[in-house]
Amino acid sequence: MLVPVFTLISLGLGTVAIPFNQIVSSLLFKIIQNPDSSPMASILLDIRLPRTLLALMTGAVLATTGAILQGLFRNPLADPSLIGVSAGASVGASAVIVLLGGVVELTMFSGLSLVAIGAFAGGFIATITVYRIATSNLGTSVTTMLLAGIAIAAVAGAANSLMGYFSDNQMLRQISVWEMGTLATANWLKVGIMALITLFLGVQLPAYTKALNALLLGESEARYLGIDVQRVKRSLILLTALGVGVSVALMGLIGFVGLVVPHMVRLMIGPDHRALLPASALAGALLLLVADSLARVVVLPAELPTGILTALLGAPFFVALLIRQRREF
Amino acid sequence: MALVAENISLHTAGFELLRHISLSIAPGKVTAVVGPNGAGKSSLLKVLTGDLKPTVGRVLLDDSDIGEWPLAERAKFLAVLPQHTGLNFPFTADEVVALGRIPHQTGYARDREIVHSALALVDASYLQKRLYTQMSGGEKQRVQLARVLAQIWEPSDFGQRFLVLDEPTSAFDLSHQQLTAEIAKRLAASGVSVLVVVHDLNLAARCADHLVILNSGLIAAEGSPEKVLSERLIREVFDVDAVISQHPVSRTPLVIT
């Protein structure tokens, strides 16, 4: 219920504040195909609305994939960085910025940049590598995967530092802004891509909620309950790499949502994935929306990278939950 | 339908964990496996239930290799309780037991009834809404036992049901040990094949129709507890001097050490 309310509020916030009645009327005009050419309507429809939609979908995808990985690894502290997606994406993005930065124009396909493509490729390659390392003919070892993820992240970190060392000031700034993650570059193409991914995950994931519940008992136990554990693991890791890879490629690194949102939701409603996944999606959408709205207004007329705000907002709330939880024991 | 091991051996990393074991798990009977630590009891259970593939030999379930059964079908009539279950997410007892109903499509209402009955059967109704992560070792073990009982609560389309328990009573006090033995016997009486690994020879003697003594990966002896349990065998297998007497009430063998 909070989501639509905050959506409307978020549409109004920004360097140019748009009054509430204007938002409603502009949206209505758009719906009944009566073009309104005022500057406010243009800000609303071309900048604010895609950005808000992108925040909602990205938050939902990051939180849901975080919940999946925590279930899959049976570890409430797992997050997408553990399977190498973020580290790989970061290398991919830096490589494009540093190696191609001086050579070709990075922006193409009406706003979908080469950096995004590099990040997606890097994230996907890293995940597949981690998965391959951990998979033998006995199946995929979750422990090996965690360790391989750490190793890949270390290698990626080194590669990143190396590229940073050899790049000029402007490239360094580009890399660092990318790593902080921002929704400021939202456009309708990105919304379209993200909508496809969100829809795809939304259709696929419900089939895996029971399997994830069974997996919390352990892999043998899940097999005894009739779950094809290897197939489930492979599908879920691929779906996660896809969701996180696309989010990271389009928006950069937005931390914290994938780690903490599912954890908070679990503290509130329990670990049953049939409720946990949709609830995490909603909570993640809400957190990223609020964070992004604040990012636009706290340092007017400039704005902050969204990734900074997600951490600043989420961490205190999470700590408060932990303290309350501790008192109950 | 029967579960039959045909001359199975299991080798891992140069060790022979199981050697030439042939065994048949009979319907309507409690089969107990006993043996010293490292005798291969858990490995035997894992091979018999299809969790590990034997290096040599095969395990047949209803005349076809157990590995060839679709997992989802098999789970409808074969429930296994492993020795340790590392669940560290805060499910309630109700939710844990309900996981046992995953293989079935009996509907929410029926599943709830089964969950409640299974918890009541293992004397854990009072745990229903408690969080698994906050329970004692014995309580956790009872909830897990209820989970596998819920999995094979109703007769399957395949006729036969199998319940396999790996040291189900290791954290139980005396009354819950006896309760578990009673449940195993009652299930067997209703036609379920029960296979259980236990440490306590007297508990095994009280509930088992068929006793299998495992030592160093080999079957040292098998048969009814009265026939199998002898002072000589216990000295050979467990390296302990014991006296075999008779339980004054149940008339089953009583091992006194």
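Just above, that's the structure.
Only a predicted model underlies this, so the values are computations on that prediction, with no experimental measurement involved.

So, how was this worked out
- Residues numbered from 1 in each chain as written.
- Chains lettered and ligands numbered in written order.
- Predicted model: local features only at pLDDT ≥ 70, side-chain atom pairs only at ≥ 80, totals over all residues.
- Helix = DSSP H or I, 4+ residues; strand = E, 2+ residues; numbered from the N terminus.
- Buried ≥ 20, exposed ≤ 12 C-beta atoms within 10 Å, placed from the backbone.
- Contact = placed C-beta atoms within 7 Å.
- Pairing = 2+ DSSP bridges.
- Axes fitted to C-alpha atoms, helices over the stretch in contact; angles between N-to-C directions.
- Parallel < 35°, antiparallel > 145°, perpendicular 65-115°, else oblique.
- Left-handed = near helix turned anticlockwise from the far one by under 90°.
- Nonpolar A, V, L, I, M, F, W, Y, C, P; charged D, E, K, R; others polar.

**Let's talk about the overall build of chain A**
Here is step 1 of the chain: Of the regular secondary structure elements, chain A holds 14 helices and four strands.
Here is step 2 of the chain: By the burial criterion, 48% of the 329 residues in chain A qualify as buried.
Here is step 3 of the chain: Taking all contacts inside chain A whose residues are at least 6 apart in sequence as the whole, residues at least 24 apart take part in 75%.

**Comments concerning the sheet that holds strand β2 (residues 15–25) of chain B**
All names here are of chain B.
Here is step 1 of the chain: Spatially, β2-β1-β4-β5 is the arrangement adopted by the four strands of the open sheet, whose pairing is antiparallel. If you trace the sheet from one side to the other, it starts and ends with β2 and β5 (64–65), each paired once.
Here is step 2 of the chain: Bridge analysis of strand β4 (residues 56–61) against β5 gives two bridges, and the strand direction is antiparallel. For L61, the partnering residue across the bridge sits in β5 and is S64.

**Quick notes on the environment of S136 of chain A**
Here is step 1 of the chain: For S136 of chain A, the location among the structural elements is in strand β3 (residues 135–136).
Here is step 2 of the chain: Separated by 91 residues in the primary sequence, S136 of chain A and L45 of chain A place their C-alpha atoms 51 Å from one another.

**As for unusual backbone geometry**
All names here are of chain B.
Here is step 1 of the chain: At D63, a position not held by glycine, the phi torsion is positive, near 70 degrees.
Here is step 2 of the chain: Locating D63 in the fold gives a position in the loop between β4 and β5.
Here is step 3 of the chain: Even without a glycine there, the phi angle at E167 is positive, about 45 degrees.
Here is step 4 of the chain: In this fold, E167 is placed in the loop between β7 (162–166) and α6 (174–189).

**Description of the packing of helix α5 (residues 114–134) of chain A against helix α6 (residues 142–165) of chain A**
Residues and elements named next belong to chain A.
Here is step 1 of the chain: It is at 9 Å that the axes of α5 and α6 come closest, and there the two elements cross at 140 degrees. In terms of axis orientation, α5 runs oblique to α6. The element α5 and its partner α6 pack so that their crossing is right-handed. Along the contact surface, α5 presents A126, T129, V130, Y131, I133 and A134, while α6 presents T144, M145, A148, G149, I152 and A156.
Here is step 2 of the chain: When the residues that make up the contact of α5 with α6 are grouped by side-chain class, the tally is nine nonpolar, three polar and no charged.

**A short note on the environment of T92 of chain B**
Residue and element names in this part refer to chain B.
Here is step 1 of the chain: In this structure, T92 sits in the loop between β6 (78–81) and α3 (93–99).
Here is step 2 of the chain: We classify T92 as partly exposed; it has 18 C-beta atoms within 10 Å.
Here is step 3 of the chain: Through-space distance from the C-alpha of T92 to that of T133 is 8.5 Å; in sequence the pair is 41 residues apart.
Here is step 4 of the chain: For T92, the residues in contact, after removing those within four places along its chain, are Q128, K129, R130 and L131.

As far as function goes, none of this settles anything; it's purely spatial.
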